[in-house]
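# Residue-level structural notes
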Amino acid sequence: MARILIGTSGWHYASWRGPFFPERLPIAHQLQYYASQFSTAELNGVFYRTPTREAVQAWHNLTGNDFVFAWKASKFITHWKRLSAASANSLELMEDRLALLGAKAGPILFQLPPQFAADPDRLADFLRMLSKRRRYSFEFRHPSWYTPAVLRLLREANVALCLSDHHDAPAPWKRTADFVYVRGHGPGGRYKGRYPAATLQQWSARIGAWKRRGYDAYVYFDNDQKSAAPSDALRLRQLITPR
């Protein structure tokens, strides 16, 4: 049965203490508390630095058996090496850490920089470098990527177009894989503010329709200021699975 997994991008935010995390909750217990509220999280910090094996093992151990981590690929791959063949070592290092998560390893997100204009040939070469055992999603930050040719490349590789509303290049809501990956960056795609109810209703309808057709959905809120992200994630979950 298809699953809808809703969470946030990261969980270490000081402004969440009080509105989301209990005031006196030790920082070391934040992931356990988060995992009691959500079934998934997008690992955002791994984009900036490779975590130690001990840290990844702790994430695995502190969450329930059904918890899923999405992994945001290192900026060395997307921003420095720009999906080139020189990314091979970084991909191997990422796989070394992902293996520690076992069944809790979910999709891998490649977020490209806004200055990276469409290069279908480079994308095609990079897709051939990826292991077939993982799910992948691409978040484009330059609008030139949203072409039939690029979307066809993603479909042929069963790679999801990230349905991102980032202000640089909001994506069309087009499914290109046997799952969907949604990133909400806040109203206007600027990392702040809570979504209006009408927007979450629209998302709920689209995601629910995909689930009924058998497609998994991973949804992450990245509007982290003033605990908007966990609030919106809980609101969307209530719309999709009302109690």
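Residues numbered from 1 in each chain as written. Predicted model: local features only at pLDDT ≥ 70, side-chain atom pairs only at ≥ 80, totals over all residues. Heavy atoms only, no water.

Identification of the chain as DUF72 domain-containing protein from Rhodopseudomonas palustris is taken from an unreviewed UniProt entry.

Further remarks concern the sheet that holds strand β8 (residues 216–221). A barrel is described by the order of its strands in space; here eight strands give the closed sequence β1-β2-β3-β4-β5-β6-β7-β8, paired in parallel fashion. Pairwise comparison of adjacent strand axes, ignoring direction, gives a mean angle of 25° for this sheet. Across four bridges, the pairing between strand β4 (residues 105–111) and strand β5 (residues 136–139) is parallel. Counted as the bridge partner of phenylalanine 110 is phenylalanine 138 from β5. Strands β3 (68–72) and β4 of the sheet are contacted by helix α4 (residues 88–98), whose axis makes an angle of about 150° with β4. (Pairing = 2+ DSSP bridges. Helix = DSSP H or I, 4+ residues; strand = E, 2+ residues; numbered from the N terminus. Axes fitted to C-alpha atoms, helices over the stretch in contact; angles between N-to-C directions. Contact = heavy atoms within 4.5 Å.)

We now examine the nonpolar core. Counting residues in each nonpolar core, the largest one holds 66 residues, and the members touching the most others are Trp11, Trp71, Phe110, Leu123, Phe138, Phe140 and Phe221. Each residue touching phenylalanine 221, except ones within four places of it in the same chain, is listed here: Ile6, Gly7, Thr8, Ser9, Gly184, Tyr195, Leu200, Trp203, Ala229, Asp232, Ala233 and Leu236. Grouped together as the second largest cluster of nonpolar side chains are 11 residues, Leu5, Val68, Cys162 and Tyr218 included. (Core = buried A, V, L, I, M, F, W, Y, C linked by side-chain atoms within 4.5 Å. Buried < 20%, exposed > 50% of the residue type's maximum accessible area, 1.4 Å probe, protein only.)

Among the six residues of strand β7 (residues 179–184), six are classified as buried, and the element is accordingly described as predominantly covered. In β7, alternate side chains face the same way, and those of Phe179, Tyr181 and Arg183 on one face and Val180, Val182 and Gly184 on the other are all buried. Across three bridges, strand β6 (residues 160–164) lies against β7 in parallel orientation. Paired with serine 164 across the strands is arginine 183, a residue of β7. As paired elements, β7 and β8 share six bridges and run parallel to each other. What sits directly across from arginine 183, in β8, is tyrosine 220. The parallel pair β7 and β8 is bridged by helix α7 (residues 197–212), and the resulting crossover is right-handed. (Right-handed = clockwise from strand over helix to strand, strands pointing away.)

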